[in-house]
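A look at the structure
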Amino acid sequence: MDSCHSEYLSHQEHLSEFIEKLSSILPELKDDKRVNMISNPQIQKAVESLEADFRRAKALLKSQVSPAHDEHIEQVIQNLARALGLVLFASHDVVEITNKAEIEALRREMMKMSIVDMPNLIMNSDESEFSSYDNRGIVEDDHRITLDIDGIVVEEDISITQDVDDVVVQIKYGDDELLKCALHALNSLVLDHMITKERVHHEDMIPVLFNRLSLSKTEHRLIILRILQALVAQDDEHKEKMAEMGNLSILVKSLGRDLEEQQVAVGLLVSLSHVAAVRRRVGRIQGCIVMLVAISNGDDQMASHDAANLLNSLSGNTQYALHMAEAGYFKPLVHYLNQGSDMSKILMATAISRMQLTDQNRVNLGQDGAIEPLVKMFTTGNLEAKQSSLNALHNLSASKANVQCLIKSGIIATLLQLLFSVTSVLMTLREPASAILAKIAAQSEAGIVLVKQDVAQQMISLLHLTSLVIQCHLLEALNSIAARPNASKVRRKMKENGAVRLLLPFLTESRNTKIRNGALNLIYVLSNDMQGGELMEQLEEMHMNTLINVVSSSSTTDDEKAAATGILSNFPVSDKNVTDIFMRANLLPILVSILTTSTPTTPRLLSENVAAVFIRFTLPSDKKLQQFSAENGVINVLVKLLTCSSIVAKHRAATSLAQLSQNSLALRKSRKARWFSCAPPHPTDSFCQVHDGNCSTRSTFCLLKAGAVPPLVQILQGNEREADEAALSCLATLLHTEIWENGSNMLVKMSCVQPIIKILEEGISLKAQEKSLWILERIFRVEAYRVEYGESAQVVLIDLAQNGDSLLKPTVAKLLAQLELLQPQSSYF
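Below: a short report on this structure. Given the structure is predicted, the values throughout are model-derived calculations rather than measurements.

Remarks on the overall build of the protein
From N to C terminus, the protein includes 50 helices and 6 strands. Looking at the protein as a whole, 51% of its 829 residues qualify as buried. When contacts within the protein are restricted to residue pairs at least 6 apart in sequence, those whose partners lie at least 24 apart make up 68%.

As structure tokens, then:
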């Protein structure tokens, strides 16, 4: 037997074996009660198709065809595999059929045989020697085969049709490797227009592809998406099939995958968006709009362009436009504000007012053109339009750029007019109007407009005639206006018109802490400009006690404490009546406690204002009061302030320490006292090398014992110059006539000379230079120090002699004489 005949027997034997197995499977399948109980046309059709292919196979086996028709046997086996696959596919979501595993195993066995010879399935029409076998019941003509089965003539395509059948079966059931081959084959067939739309619908290719799209790995998904793109490009009817919600949901998932898949998926969605049903449905799919906005902002230009186009297609739905805005894509929303119906404009404005916008989102909305149409709604719309637009503008006014747009739009005059309106129908608009004015006032450039328009006094007059919310906004605006350096005239007019008196009742406000805080801050700002007893004329003892209660209360905030302490610090320090009131209220221990327990998060202003109040309690003219302060731990707190971050607090702390140190020499206990021999010996560490006696922090207010000298020197060595004068004044107390030499030795030991020379050179403060020269004159009385530091000082001193302030020249001349650079009797000056 030749090899061809042997191969023929092999094929025929395979077919015979398959028919035998099907002979037992098919009756069981037809009799399966679970299948028969379900009236499903697809299952019935699949079983009927299997029966038809089974009859054809039996007819072919009986026909005794020649070995040259092996291809017919392979084709029949492939048809049987396809028919079994259809049965499995039709039933897999409906019912669990009997012998499913056996059927699947048989199908795979058939497919293995047909796949091997798949390239031979397309028969060559030129092989005319096998063109006719009528006497055997088989007639072959080009790509068609006719079988006479029990008197029934059945025609079957054996070329492209059978290729598609194989491909569809593999796409439905094939493993990864078979699926990959089948997808590439289908892609080629579709691109070559070898599949009609009828065949696509008949084989349910689109649902099958979407099913595989949801389950396959990346490389398979890309091919599937490209096949779907090709189908869409060939026929619009395919779009309708893909427009089903389930398909769109599967497709949207690809938007969140890698860039290539994302790009193809968004392009396919753009193609489908011409179908109205797609535009209605796709925006409802969770995460779709968010992903499209992200893609539109991405770096891939093609995907970004397609995503923007799709968003614009969806924006015809107002709800989708709102979803886009929530995702940070504002152009459709702004379009509705400009060109939408009145109701659409109100809807969009209301949405803006309720959005949790980031600063950048506010800027983007302004740049996209939201401000102008909102202002127009406010000025020309009905009450509902005014309300929604004002609330939206309030949200947007948190952006400095948007505030500038608001000013250019001319809305301020209208807002002020509304704020002072007594028309009842407009009263509801006063809250957002006052809120917007507060935002405008807070902006550095914008607030100048309100300062120039002199509206502060009018706002104050409204404080007792409005709701709590409006009061908060008005106080916020007033604080922003009054705190401006260029608003001195505004502050003066406010004070002249009794603003402080109008604000005092708010200090006891318990319903809203923001109002109390706003009133405290405004009184504090106004009190900073008050001279002499002007503040005393405004505030009585009861008001001072109210402020002290704010400072001492555990229920008030640090910001409120800072403002209240600031007001208290602005009373003249020399006013004994005020000091007595403070003493009766036990203010000093309260302030010491605040700073003793302070942390890095304590507001800077609180530390600064407490330090300002301490100046009153450390006046050198009242040693008794100084003693009281020292006993309550003020000195330790002052030294702590010297190391804090605020240069203002350092300046004020150094001022108080200088006042205390002025009396240290007089309070020292000399070792040479006559009663010394009868008194118990002092500890050796109490002796002070500068004061030449026994010192302590509490008894003599000694800077050395308090550890104040190193932080004072650090102030001079630092880059901030505001506290130099106070620090130098403090160190100068160590150079009094009786102790100048001891003090000089200490300052040199603490490396103080070079920082003092630097302050002279920089010349920022005339008084600081005066103090520096005074200290250097005493230090340079010691010859060793003249030798050590004279050379570095002489350059600065000569420059001051030639170019410095005339007030400094006598002291400079004395120092130059000490350094022997001028004769003591020189008339140079």
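A closer look at the layout of surface pockets
Its volume calculated, the second largest pocket comes out at about 280 Å³. For the lining of the second largest pocket, the secondary structure elements donating two or more residues are α37 (604–617) and α39 (634–642). Element by element, the count of residues in the lining of the second largest pocket is highest for α39, at 3 residues. Its residues assigned to classes, the lining of the second largest pocket comprises 6 nonpolar, 6 polar and 2 charged.

Focus: the packing of helix α44 (residues 709–717) against helix α45 (residues 724–732)
Helix-helix packing is described using two parameters, namely the angle between the two axes and the distance between the axes. Running from N to C, α44 and α45 point in directions that differ by 140°, and their axes come no closer than 9 Å. In the packing of α44 onto α45, the handedness of the crossing is left-handed. Between α44 and α45, the residues in contact are Val709, Leu712, Ile715 and Leu716 and Asp724, Ala727, Leu728, Cys730 and Leu731, respectively. The residue makeup of the contact of α44 with α45, split by class, is 8 nonpolar, no polar and 1 charged.

Here we look at the nonpolar core
Most often, soluble globular proteins keep nonpolar side chains buried together rather than apart. In terms of nonpolar packing, the biggest core is built from 172 residues, with Leu333, Met494, Phe582 and Phe614 touching the most fellow members. Leu333 has contacts with Leu322, Ala325, Met348, Ile352, Met355 and Leu365, leaving out every residue within four places of it along the chain. Of all hydrophobic cores here, the second largest spans 59 residues; its members include Val168, Ile171, Phe210 and Val293.

Here we look at helix α24 (residues 411–419)
Of the positions making up α24, those classed as buried are Ile411, Ile412, Leu415, Leu416, Leu418 and Leu419. All buried residues of α24 fall inside an arc of 160° around its axis, so they share one side. Turned more than 90 degrees away from the buried face of α24 sit Ala413 and Gln417, all of them exposed.

Notes on the packing of aromatic side chains
All chains considered together, the criterion is met by 1 aromatic pair. Measuring from centroid to centroid gives 6.4 Å for Phe571 and Phe582, while their planes differ by 80°, and the two rings are edge-to-face. Here the residue Phe571 occupies a position in the loop between α34 (558–569) and α35 (576–584), and Phe582 occupies one in helix α35, the gap between them amounting to 11 residues. Each member of the pair, Phe571 as well as Phe582, carries the same accessibility label: buried. Lys386 extends its terminal NZ or CZ atom over the ring of Phe378, reaching a point 5.5 Å from the ring centre. In this structure, Arg781 packs its charged tip against the face of Trp740, placed 5.2 Å from the ring centre.

Observations regarding the packing of helix α19 (residues 342–354) against helix α22 (residues 383–396)
Contact pair α19 / α22: the axes reach a minimum separation of 7 Å and the direction vectors enclose 35°. The two elements α19 and α22 cross, and the hand of that crossing is left-handed. Residues Ile346, Ala349, Thr350, Ile352 and Ser353 of α19 touch α22, and the partners they reach there are Glu384, Ala385, Ser388, Ser389, Asn391, Ala392, Asn395 and Leu396. Considered class by class, the residues forming the contact of α19 with α22 number 6 nonpolar, 6 polar and 1 charged.

Quick word on the pattern of salt bridges
Inspection of the entire model under this criterion finds 24 salt bridges. Measuring nitrogen to oxygen at the nearest pair gives 3.7 Å for the salt bridge that ties Arg721 to Glu762. Here Glu762 lies in helix α47 (residues 753–762) and Arg721 lies in the loop between α44 and α45, a separation of 41 residues in the sequence. Here Arg721 falls in the buried class, since its relative accessible area comes to 11%. We classify Glu762 as partly exposed; its relative accessible area is 40%. Residues participating in the shared-partner salt-bridge network are Glu17, Lys21 and Glu109.

Overview of the state of the cysteines
Two cysteines joined by a covalent bond between their sulfur atoms form a disulfide. Under the criterion given, the structure shown has 0 disulfides. Free cysteine: Cys688, not disulfide-bonded; nearest cysteine sulfur from Cys702 at 3.8 Å. For Cys688, a relative accessible area of 1% translates into the label buried.

Some points on the environment of Lys239
Relative to the helices and strands, Lys239 is located in helix α11 (residues 236–242). Each C-alpha atom, one on Lys239 and one on Ala277, is 9.9 Å from the other, the two residues being 38 residues apart in sequence. Not counting residues within four places of it along the chain, the set of residues in contact with Lys239 comprises Val232, Ser271, Leu272, His274 and Val275.

Overview of the environment of Ala706
Structurally, the position occupied by Ala706 is in helix α43 (residues 703–706). Residues Ala706 and Ile635, 71 residues apart in the sequence, show an inter-C-alpha distance of 7.2 Å. Those residues in contact with Ala706 that sit more than four places away from it in its chain are Ile635, Val639 and Thr697.

Calculation notes
Residues numbered from 1 in each chain as written. Predicted model: local features only at pLDDT ≥ 70, side-chain atom pairs only at ≥ 80, totals over all residues. Heavy atoms only, no water. Helix = DSSP H or I, 4+ residues; strand = E, 2+ residues; numbered from the N terminus. Buried < 20%, exposed > 50% of the residue type's maximum accessible area, 1.4 Å probe, protein only. Contact = heavy atoms within 4.5 Å. 1 Å grid on protein atoms, 1.4 Å probe; cavity = no way out; pocket = protein on both sides within 12 Å on 5 of 7 lines; lining within 4 Å. Points joined across faces, edges and corners; volume = space filled by probe spheres on them. Nonpolar A, V, L, I, M, F, W, Y, C, P; charged D, E, K, R; others polar. Axes fitted to C-alpha atoms, helices over the stretch in contact; angles between N-to-C directions. Left-handed = near helix turned anticlockwise from the far one by under 90°. Core = buried A, V, L, I, M, F, W, Y, C linked by side-chain atoms within 4.5 Å. Arc of directions from axis to C-beta. Phe/Tyr/Trp six-rings, centres within 6.5 Å; stacked < 30°, edge-to-face > 60°. Lys NZ or Arg CZ within 6 Å of the ring centre and 35° of its normal. Salt bridge = Lys/Arg side-chain N within 4 Å of Asp/Glu carboxyl O. Disulfide = S-S within 2.5 Å.

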